[in-house]
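Here are the chains, one letter per residue:
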Amino acid sequence: MSRSFVFLGGLFAASAVCATAFAATPSALFNDNCSACHQTTGKGVKGAFPALAGDPFVQGDPGPMMATVLAGRAGMPSFKDDLSDLELASVLTYVRTSWGNKGKPVSASDVAAARAKLKTAKKPASLQAH
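Source: prediction; values computed, not measured.

Draft legend 1. Representation of the nonpolar core in the model. In this structure, Met-66, Leu-88, Leu-92, Val-95, Val-106 and Val-111 are the most contacted members of the largest nonpolar core, which totals 19 residues. Listed by contribution, the elements that provide at least two residues to this core are helix 1 (26-33), helix 4 (62-71), helix 5 (85-97) and helix 6 (108-120). The element best represented in this core is helix 5, accounting for five residues. The residues contacting Val-95, other than those within four sequence positions of it, are Phe-30, Leu-52, Val-58, Met-65 and Asn-101.

Right, dumping it as structure tokens:
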């Protein structure tokens, strides 16, 4: 943590500046990682990228949604190595509660549990050519 001093009308005021003060907002995380495909409106691109706005998958049980974001699916990239549990929880909560969506928030501990479950899940056997 660093300290800075600001001159305020004859007084010096100390303020602590933490790294968390510069953390990205949920909407910024969404815009940086998801909006290229799902659009800032959450409406997606018809025939290419699904809409998140009004989607029952997004608003229902958060488990499948967390697994999808962590592992990727059908052309969607995996974010398990790119975003922390807290960042993923922020993005998922943003999606679940934006554009009229009525999903419940997701916590960092929810994402951590989904991440652990993904690590222990049996991987499908790979096919090898003979």
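Draft legend 2. Region of interest: helix 6. With 13 residues, helix 6 ought to run about 18 Å at 1.5 Å a step, and its terminal C-alpha atoms sit 19 Å apart, in line with that. Taken as a whole, helix 6 has its buried residues at Val-111, Ala-114 and Arg-115. The arc enclosing the buried residues of helix 6, seen along the axis, measures out at 100°, which places them on a common side. Exposed and facing more than 90 degrees away from the buried side of helix 6 are Ser-109, Lys-117 and Thr-120. Contact partners of the buried residues in helix 6: helix 4 and helix 5.

Draft legend 3. Examining the packing of helix 4 against helix 6 more closely. Direction vectors running N to C along helix 4 and helix 6 enclose 65°, while the axes themselves pass 10 Å from each other. Here helix 6 runs roughly perpendicular to helix 4, going by the angle between their axes. The hand of the helix 4/helix 6 crossing is right-handed. Along the contact surface, helix 4 presents Met-66, Leu-70 and Ala-71, while helix 6 presents Asp-110, Val-111, Ala-114, Arg-115 and Leu-118. Taken together, the residues of the contact of helix 4 with helix 6 break down into six nonpolar, no polar and two charged.

Draft legend 4. Region of interest: the confidence of the model for the chain. Per-residue confidence for the chain gives a mean pLDDT of 84; residues scoring 70 or more make up 75%. Between residues 1-8, whose pLDDT stays under 50, and residues either more than four places distant or in other chains, the model counts 20 contacts. The low-confidence segment residues 10-21, where pLDDT is below 50, has 21 contacts with residues more than four positions distant or belonging to other chains.

Draft legend 5. Molecular detail of the environment of Ser-78. Turning to its location among the elements, Ser-78 is positioned in the loop between helix 4 and helix 5. Residues Ser-78 and Thr-68, ten residues apart in the sequence, show an inter-C-alpha distance of 7.7 Å. Once residues lying within four places of it in the same chain are set aside, the contact partners of Ser-78 are Val-69, Leu-70, Ala-71 and Gly-72. Only 2.5 Å separates the side chain of Ser-78 from the backbone oxygen of Leu-70, close enough to count as a polar contact.

Draft legend 6. Quick peek at the packing of aromatic side chains. This structure, assessed with the given rule, holds three aromatic pairs. With centroids separated by 5.5 Å and ring planes inclined at 45°, the aromatic side chains of Phe-30 and Tyr-94 adopt a geometry described as tilted. Residue Phe-30 is found in helix 1, and its partner Tyr-94 is found in helix 5; the two are separated by 64 residues along the sequence. Of the residues examined, Phe-30 reaches a relative accessible area of 0% and is grouped as buried. For the ring pair Tyr-94 and Trp-99, a centre distance of 5.6 Å and an interplane angle of 80° mean the geometry is edge-to-face.

Basis of the calculations
Residues numbered from 1 in each chain as written. Predicted model: local features only at pLDDT ≥ 70, side-chain atom pairs only at ≥ 80, totals over all residues. Heavy atoms only, no water. Core = buried A, V, L, I, M, F, W, Y, C linked by side-chain atoms within 4.5 Å. Buried < 20%, exposed > 50% of the residue type's maximum accessible area, 1.4 Å probe, protein only. Helix = DSSP H or I, 4+ residues; strand = E, 2+ residues; numbered from the N terminus. Contact = heavy atoms within 4.5 Å. Expected span 1.5 Å × (residues − 1). Arc of directions from axis to C-beta. Axes fitted to C-alpha atoms, helices over the stretch in contact; angles between N-to-C directions. Parallel < 35°, antiparallel > 145°, perpendicular 65-115°, else oblique. Left-handed = near helix turned anticlockwise from the far one by under 90°. Nonpolar A, V, L, I, M, F, W, Y, C, P; charged D, E, K, R; others polar. pLDDT = per-residue confidence, 0-100. Polar contact = N/O pair within 3.5 Å; in protein donor to acceptor, adjacent residues only side chain to side chain. Phe/Tyr/Trp six-rings, centres within 6.5 Å; stacked < 30°, edge-to-face > 60°.

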